[in-house]
Amino acid sequence: MNKLASFYFPNTHYPIPHADFLRLQHAHNVGVMFLDMLDTQDTFGHIPSGDQLNSMASVVALLTDQLGKVVDTCETAIKTQMEDVYE
């Protein structure tokens, strides 16, 4: 988000709140582990069952939720900065 903020507001810096940092870190760690698991299953020719597909969907939903919360925070901060600039 700092890169995005610096593109639109080169003289500003968006500090990532600690909670958002933890959300990003968790989403990254779970995402990497999930992709490694899929790669391992594919290597061994494993075809997931219906229950496993539901579990995978839950993981994707969790990651999407975590990233969505971070994006909401970032958008709010950027919109506030934009309002301050244009007033």
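Residues numbered from 1 in each chain as written. Predicted model: local features only at pLDDT ≥ 70, side-chain atom pairs only at ≥ 80, totals over all residues. Heavy atoms only, no water.

Asker: So what exactly am I meant to see when it comes to the overall build of the protein chain here?
Answerer: Tallying secondary structure elements over the protein chain gives three helices and zero strands in all. The helix and strand sequence of the protein chain, counted from the amino end, reads α-α-α. Counting the 87 residues in the protein chain, one finds 18% classified as buried. Counted over contacts in the protein chain with a minimum sequence separation of 6, partners at least 24 positions apart contribute 72%. Accessible surface, the protein chain as shown: approximately 6600 Å² in total, 62% of it carbon and sulfur. (Helix = DSSP H or I, 4+ residues; strand = E, 2+ residues; numbered from the N terminus. Buried < 20%, exposed > 50% of the residue type's maximum accessible area, 1.4 Å probe, protein only. Contact = heavy atoms within 4.5 Å. Areas by Shrake-Rupley, 256 points an atom, 1.4 Å probe, with all protein chains shown as cover.)

Asker: I would appreciate a short explanation of the confidence of the model for the protein chain in the present structure.
Answerer: It should be kept in mind that the predicted coordinates are not to be read in detail where pLDDT is low. In this model, the protein chain carries a mean pLDDT of 78, and residues with pLDDT of at least 70 account for 76%. Here helix α1 (residues 2-8) stands out as the least confident element of the protein chain, with mean pLDDT 64; helix α2 (residues 18-43) is the most confident, with 84. (pLDDT = per-residue confidence, 0-100.)

Asker: Looking at this structure, how should I read α2?
Answerer: In an α-helix, one turn spans 3.6 residues; hence positions three or four apart end up facing the same way. A rise of 1.5 Å per residue sets the reference length of α2, with its 26 residues, at 38 Å; its end C-alpha atoms lie 37 Å apart and thus fit the reference within 8%. Those residues of α2 lying buried are D20, A27, V30, G31, F34 and Q41. Just downstream of α2 lies G45, where phi reads positive at about 75°. (Expected span 1.5 Å × (residues − 1).)

Asker: How should I be thinking about the pattern of salt bridges in this particular structure?
Answerer: Oppositely charged side chains may form a pair once their charged atoms are brought near each other. Overall, the coordinates contain one salt bridge when judged by the stated rule. For K69, the salt bridge identified is with D65, shortest N-O distance 3.5 Å. Within this pair, K69 and its partner D65 are both found in helix α3 (residues 50-86), separated by four residues, close to a single helical turn. The exposure class assigned to K69 is partly exposed, which follows from its relative accessible area of 35%. (Salt bridge = Lys/Arg side-chain N within 4 Å of Asp/Glu carboxyl O.)

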